[in-house]
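Given next are the chains, with one letter for each unit.
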Amino acid sequence: MIRELARRPEARVGGALLLLLVAVAALAPALSPGDPLAIAGRPLIPPLTDPALPLGTDRLGRSLLAGLIHGARTSVTIGVVSALVAVAVGMAVGTAAGFAGGLVDEGLMRVVDAFQIVPGFLLALAFVSVAGPSLLVVAVAIALGAWTGPARLSRARVLSLREADFVASARVTGMHPVEIAVRQVMPLALPPVLAVSSVIVAGAILTEAALSFLGLGDPNVVTWGGMIAEGRNQLRSAAWLSIIPGLALVATVVSIYLVGEAVGDVLAGRRRR
Amino acid sequence: MRALFSRRLISRRSLLGSAAALLGSTALPRLGFAAGAVRLVAAADSEPRQLNPAIVASNGVFFIASKVIEPLAEASYDDGGLRPLLATGWEGSEDGSSVTFALREGVSWHDGKPFTSADVAFSAMEVWKPLQNIGRGVFANLEAVDTPDDHTAVFRFAKPMPLQLIANALPVVSAVLPKHVYEGTDIAENPANAALVGTGPFVWGEHRPGEYYLLRKNPAYWNAGEPRVDEVVFRVLPDRAAAASSLEAGEIQLAAFSAVPLVELDRIGKVPGLEVVTKGYEALTYQLVVEINHRNEHLKELKVRQAIAHAIDKAFVLDTIFLGYATAATGPVPANAPEFHTDDVTIYDFDVAKANALLDEAGFARGADGTRVALRLLPAPYFNETKQFGDYLRRALAAIGIDATIVANDSAGHQKAVYTEHAFDLAIAPTVFRGDPAISTTILVRSGVPDGVPFSNQGGYANAEIDRVVDEALVTLDPGARVELYHQFQRLVTADLPLINVADWSFTSVASDRVENIATNPRWAVSNWADVGLAD
């Protein structure tokens, strides 16, 4: 699978960017020690003018590079945590609905419908407004709008798997239905869900940025969306304050999509074969 | 002071709304108007829910409503500080028990009925005293208003009332409502609160939510020759970047209350045809204040409060956050209120070493991670500057071993957390000095304020000496003695630090150079604009 992926140029570009991002996120405290919100120099130093502050400073004199590095950490954390929550919850609900069938299925899928009707972003907005902005709340808020996709996918997969011979034989051996669902069916329902999870990660990073842009991010950590929002007031006089974190955001989301696309293609190709 | 949350600024909701407003902006006022009509278009950054200035005395309401409903007198740069509007003169009795107003004759309401002393008596007794946010305090001892004739109103007070205080409060508290419209109705819910009826130079036109307010010239205005423009349109532009570009595009001629962000002023000042005006807000001084919850076991120690005061670099705040458009505060009364201000107070220089020493003395040693105490910090969300100062203060406190966690709320959440639930340790507030410390300043430190009153002492602070001075000044008639009491008040507050005053700031206007008579009085943005003209 990895070898197949490595043959695809989009996967190589996306993967390289993604690896870089994850490395920066993981090594943020080493790359840029200290508090990224510390005041590092004069305010509004343009990029590439001061070797000590290569990307310049914002309105309060905070280093843009430090913000970018630590912002990557926030973005990756949010993306991964909310995707994990969304996939876990979605898989559990989807498998339960698909495997149990009947009223349970009906009931659970109507809940899924209810969540799908409300746009995910509005849901996140409402949730954060009520619960107050902190990193965990934001991650949960984003997952709240993202778990329905995995739920539908895994349900569809479970519905077909449920009738498979190996499930019937597991029943005959007297295995408990919950055990069948968790140990026999769920692992097989996982691959298509994993393929969409990259989309969820990318969506989560974008949603977090949008929330921060609206002032609903955690104010005690740096976020790219928050940086863009703060730069917006100076858009005419210091556009780089918004453009640089904006580019980081674009690069991140594009790289995740590229990798996700490639993974999806490879999986689909295999299935066709 | 309700001002702020009704009008200010980037609350999350207004931001969402602003996106919608931008989308809708192409549909803006293409109202039909007579050929040759002179229309002044100004930016408004919010739409207050309650537009009646006699009920909500706040700058956000006055900005629009003061053009329709007038007070008894307006602030003025001239000696005495007041320009008569609906009252032509006022005189206090020697014992301070009454104030007699002579009212202007020949004034009529926009619906044609004559303006009389009955309107003033009704407004004072039925609206200002029981309903108005500021009048409630200023007129607490008002017993009755006598109307010996149609153009005389005598205010009678239960306790001696300093004429100085009444005069200073007049522009803010005395918007007169028509008795015949409001009598016998639920005043707070009267439809005239949305479609105002007044005596002012402009008549209410219409309000399209999310789009604009339209006011038309009052042809029967009492001051012949005014107003000088035919229409005033307040275009709703909650997005500050939009205000700047609309000015440059010539779609609006005026953006007041710093609707154009400070960082843009340098650039926009150089745009031909536009000018930056910093005058006209002298009587609307905002104060950047660190509110302190004295229930906190650390903050109730004076040394900790002194350490925080020493940790704040006011020069950085002025230069970087306010870009020079502010002055360092010495205490609770700003320097541009020379009548009451004194420099003879305790000053806290920026001195991190001293701050650390004070905290050591107070017995709060640094832990293994360098932290002495952890606090919650709630910056008010109404202004960019209060939020930026929150970011700065967090860093400044880190330098002295105080780990502050910023708690961000929207306007309503902030109000509730700080002023009702007291769920804060430090908060950052933009309080307003309104020409007299008794109007909205002493309430910030006076004990015994009920929970839930915004912009008041909700930090649980009680100091019998300060309370005594505050109460005595309220009934001291001699202006000199009263001023001396307020000097003492400033000394006491800066010595004991119930709150920390950091900076005093005012606003700027950006206007087309066609607009005439900008900043003609110290409350210009919230005055009636009768003399404002628009050159061709």
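Everything below is about the structure printed above this text.
Residues numbered from 1 in each chain as written. Chains lettered and ligands numbered in written order. Predicted model: local features only at pLDDT ≥ 70, side-chain atom pairs only at ≥ 80, totals over all residues. Heavy atoms only, no water.

This part is about the overall build of chain B. Across its full length, chain B carries 17 helices and 21 strands. If one aligns the C-alpha atoms of chain B with their principal axes, the spans along those axes are about 75 × 60 × 40 Å. Taken over 536 residues, chain B has a buried fraction of 60%. For chain B, the proportion of contacts with a sequence separation of at least 24, taken over those separated by at least 6, is 72%. Working note: accessible area of chain B is about 19,000 Å², and carbon and sulfur atoms make up 51% of it. Across chain B, the centroid of the 46 positively charged side chains sits 5 Å from that of the 65 negatively charged ones. (Helix = DSSP H or I, 4+ residues; strand = E, 2+ residues; numbered from the N terminus. Buried < 20%, exposed > 50% of the residue type's maximum accessible area, 1.4 Å probe, protein only. Contact = heavy atoms within 4.5 Å. Areas by Shrake-Rupley, 256 points an atom, 1.4 Å probe, with all protein chains shown as cover. Lys, Arg positive; Asp, Glu negative; His and termini not counted. Charge placed at Lys NZ, Arg CZ, Asp CG, Glu CD.)

All names here are of chain B. Taken in spatial order, the six strands make up an open sheet running 14-18-13-17-15-16, and their pairing is mixed. Looking along the sheet, the strands with just one partner apiece sit at the ends: strand 14 (326-328) and strand 16 (402-406). Each strand of the sheet is rotated relative to its neighbour by a mean of 30°, with strand direction disregarded. Bridge count between strand 14 and strand 18 (residues 499-505): three bridges; the pairing is antiparallel. Considered in strand 18, the bridge of Ala328 is made with Ala503. (Pairing = 2+ DSSP bridges. Axes fitted to C-alpha atoms, helices over the stretch in contact; angles between N-to-C directions.)

So, on to unusual backbone geometry. Residue and element names in this part refer to chain B. In this chain, Glu226 is followed by Pro227 through a cis amide linkage whose omega measures -5°. In this structure, Pro227 sits in the loop between strand 9 (212-217) and strand 10 (231-236). Positioned with a positive phi, Phe455 is a non-glycine residue whose angle comes to about 50°. Residue placement: Phe455 occurs in the loop between helix 15 (437-440) and helix 16 (464-474). Judged by its relative accessible area of 5%, Phe455 is buried. In this structure, Asn517 takes a positive phi of about 60° despite not being glycine. The topology assignment puts Asn517 in the loop between strand 20 (515-516) and strand 21 (533-534).

It is worth spelling out a nonpolar patch on the surface at this point. There is a patch of nonpolar side chains on the surface, built from Val13, Leu17 and Leu20 of chain A and spanning about 260 Å² of accessible area. Relative to the elements of secondary structure, Leu17 of chain A occurs in helix 2 (residues 9-31). (Patch = residues over 30% accessible without salt bridge, like charges linked within 9 Å, V, L, I, M, F, W, Y side chains within 5 Å. Salt bridge = Lys/Arg side-chain N within 4 Å of Asp/Glu carboxyl O.)

Our focus in this paragraph is the layout of surface pockets. Residue and element names in this part refer to chain B. In this structure, the largest pocket spans a volume of roughly 1,100 Å³. Together, 39 residues line the largest pocket, and Asn133, Ile134, Arg136, Gly137 and Ile443 are the ones closest to its centre. Counting only elements with at least two residues in the lining of the largest pocket, the list comes to helix 5 (135-138), strand 17 (426-433), helix 15 and helix 16. (1 Å grid on protein atoms, 1.4 Å probe; cavity = no way out; pocket = protein on both sides within 12 Å on 5 of 7 lines; lining within 4 Å. Points joined across faces, edges and corners; volume = space filled by probe spheres on them.)

Our focus in this paragraph is helix 2 of chain A. At Ala25 of chain A, helix 2 of chain A is bent by approximately 45°, the largest bend along its length, and proline Pro29 of chain A sits one to four residues beyond. All buried positions along helix 2 of chain A are accounted for by Ala11, Gly14, Gly15, Leu21, Ala25 and Ala28 of chain A. (Bend = angle between axes of the 7 residues up to and from the residue.)

As a further point, take the environment of Val277 of chain B. Secondary-structure assignment places Val277 of chain B in strand 12 (residues 274-277). Between the C-alpha atom of Val277 of chain B and that of Arg372 of chain B, which follows or precedes it by 95 residues, the distance is 45 Å.

Our next topic: the nonpolar core. Judged by nonpolar contacts, the single largest core of 178 residues is most densely connected at Leu72, Trp128, Phe155, Phe234, Ile312, Phe389 and Trp529 of chain B. For this core, the element with the most residues is helix 6 (residues 163-173) of chain B, which contributes seven residues. Residues within four places of Trp529 of chain B in sequence aside, it is in contact with Leu40, Ala42, Phe63, Lys67, Phe202, Val232, Phe234, Leu254 and Trp524 of chain B. Listed in part, the 47 residues of the second largest apolar core include Ala72, Ala97, Ile200 and Val201 of chain A. (Core = buried A, V, L, I, M, F, W, Y, C linked by side-chain atoms within 4.5 Å.)

Here we come to the interface of chain A and chain B. The partner chain B presents 24 residues to the 22 residues of chain A that form the contact. Carbon and sulfur atoms make up 52% of the surface buried where chain A meets chain B, a total of about 2,300 Å² over both sides. Taken as a group, Arg59, Asn233 and Arg236 of chain A account for 28% of the area that chain A buries against chain B, more than any other trio of residues on that side. Summed over the shared surface of chain A and chain B, the number is two salt bridges. Connecting chain A to chain B are six residue pairs in polar contact (both at pLDDT 80 or more). Of the residues assigned to the side of chain A that touches chain B, the class counts are eleven nonpolar, five polar and six charged. (Buried area = accessible area lost by both parts, 1.4 Å probe. Polar contact = N/O pair within 3.5 Å; in protein donor to acceptor, adjacent residues only side chain to side chain. Nonpolar A, V, L, I, M, F, W, Y, C, P; charged D, E, K, R; others polar.)

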